[in-house]
Amino acid sequence: MKVIGRNDPCWCNSGKKYKKCHLQSDAKGETAPSGRAKTVRKPTVLSAAVSPTLVVPKEIGRPEYAMSGKPTDKKISCKKTDSDQIERMRYAGKVARDVLDTVLARVKEGITTDELDKIAHARTLKLGGYPSTLNYMGFPKSICTSVNEVVVHGIPDGRSLVNGDVINCDVTVYVDGMHGDCSETVFVGEVDEASKKLVRVTWECLLKGIDVVKPGVFFNRIGKVIEAHAKDNGFSVVREFTGHGLGQYFHMAPYIAHFYEAGNKQVIEEGMTFTIEPMINAGGAECRFWKDKWTAVTADLSKSAQFEHTLLVTATGVEILTGGREPFFLK
Ligand code: MF3
Ligand code: CO
Ligand code: CO
């Protein structure tokens, strides 16, 4: 790693010289977190072989896109009014949490992300659920595994985890007609102090976001407190991906930005079920996509972390549907 020179390749991996690419915008402070020297990094994650698609037995209830790959694009609100729907959301949240815990317990040096996917797939079926990501807009696997500079939507493949990796496992299940969605970032073996801080701060960002949720509050408060905490720690918030309403559908209205949107006056209402899932980068906020069109990485190849919970808005506050214990990294 070294500080970037005018004639070096740009940190954003465009292939252009730095002076022809981001030098000017960096000088104006538009792209770099303030005061940080630009560094050139190499990818720590490369794509590897993706194994054949796993099968789901026909007895298992499927979401609408399971065959076609095309989710219903209705801007339906995530607000729930009847108690049966809410009970089924609670159950989907519990199943998602169980599957996530099962996967996280198996994260260690040497295991491949494909093996983690198979573990999640088997556990989901055992609990009577469908792994929601499977064939969602063509996504080929049952969970997302996002390692180091991968921000989100990493496809499980033949890459083995190595000492020092940080990995986010994101589990979504569809059971009893409802989706539950949660993720955690954990360490593989011994990780450096900078990564530990990134993961801790990202967890705190999720908690701070959850803490402001109650009926009558603007959705934009969530992004406001998350962005403030990330910036206070020298980190940046990813803008391309947001939290989302969920329930009968995987992604429903509204979206939940993890940065401050001053003009967004949407109000949180009792009965809404949605996720908060901040993605926090150690370096700049910008993302790039791999050729697979799914894997999103930080443009500067700095590490990224994420935590996600599914929430239910109650009369006075919030119930975490995918909670139940402290995250693995605090153990
Ligand atoms: N679980 C992710 C979320 O939190 C979505 C993954 S969609 C996939 O919204 F297609 F990439 F799997
Ligand atoms: Co989500
Ligand atoms: Co998720």
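Below is a summary of the structure that appears in this document. (Residues numbered from 1 in each chain as written. Chains lettered and ligands numbered in written order. Predicted model: local features only at pLDDT ≥ 70, side-chain atom pairs only at ≥ 80, totals over all residues. Heavy atoms only, no water.)

## Observations concerning the site of ligand 1
Here is step 1 of the chain: Around ligand 1, the surrounding shell holds 14 residues, and the nearest of these are T133, H244, H251, E277 and E308.
Here is step 2 of the chain: In this structure, a nitrogen atom belonging to ligand 1 sits 3.2 Å away from a side-chain N or O atom of T172.
Here is step 3 of the chain: Side-chain polar atom of D181 to an oxygen atom of ligand 1: 3.1 Å apart, as the coordinates give it.
Here is step 4 of the chain: Protein coverage of the free-state accessible area of ligand 1, which is 340 Å², stands at 97%.
Here is step 5 of the chain: Across the shell around ligand 1, the residue classes break down as 5 nonpolar, 5 polar and 4 charged. (Near = heavy atom within 4 Å. Polar contact = N/O pair within 3.5 Å; in protein donor to acceptor, adjacent residues only side chain to side chain. Areas by Shrake-Rupley, 256 points an atom, 1.4 Å probe, with all protein chains shown as cover. Nonpolar A, V, L, I, M, F, W, Y, C, P; charged D, E, K, R; others polar.)

## Brief notes about the packing of helix α4 (residues 193–211) against helix α5 (residues 220–232)
The axes of two packed helices give the description: the angle between them and the distance between them.
Here is step 1 of the chain: Running from N to C, α4 and α5 cross one another at 155°; their axes reach a closest spacing of 8 Å. If you check the angle between α4 and α5, you find them roughly antiparallel. Both α4 and α5 take part in a crossing whose hand is right-handed. Here V201, E204, C205, K208 and G209 of α4 lie close against α5, whose contacting residues are I222, V225, I226, H229 and A230.
Here is step 2 of the chain: Grouping the amino acids of the contact of α4 with α5 by side-chain chemistry returns 6 nonpolar, 2 polar and 2 charged. (Axes fitted to C-alpha atoms, helices over the stretch in contact; angles between N-to-C directions. Helix = DSSP H or I, 4+ residues; strand = E, 2+ residues; numbered from the N terminus. Parallel < 35°, antiparallel > 145°, perpendicular 65-115°, else oblique. Left-handed = near helix turned anticlockwise from the far one by under 90°. Contact = heavy atoms within 4.5 Å.)

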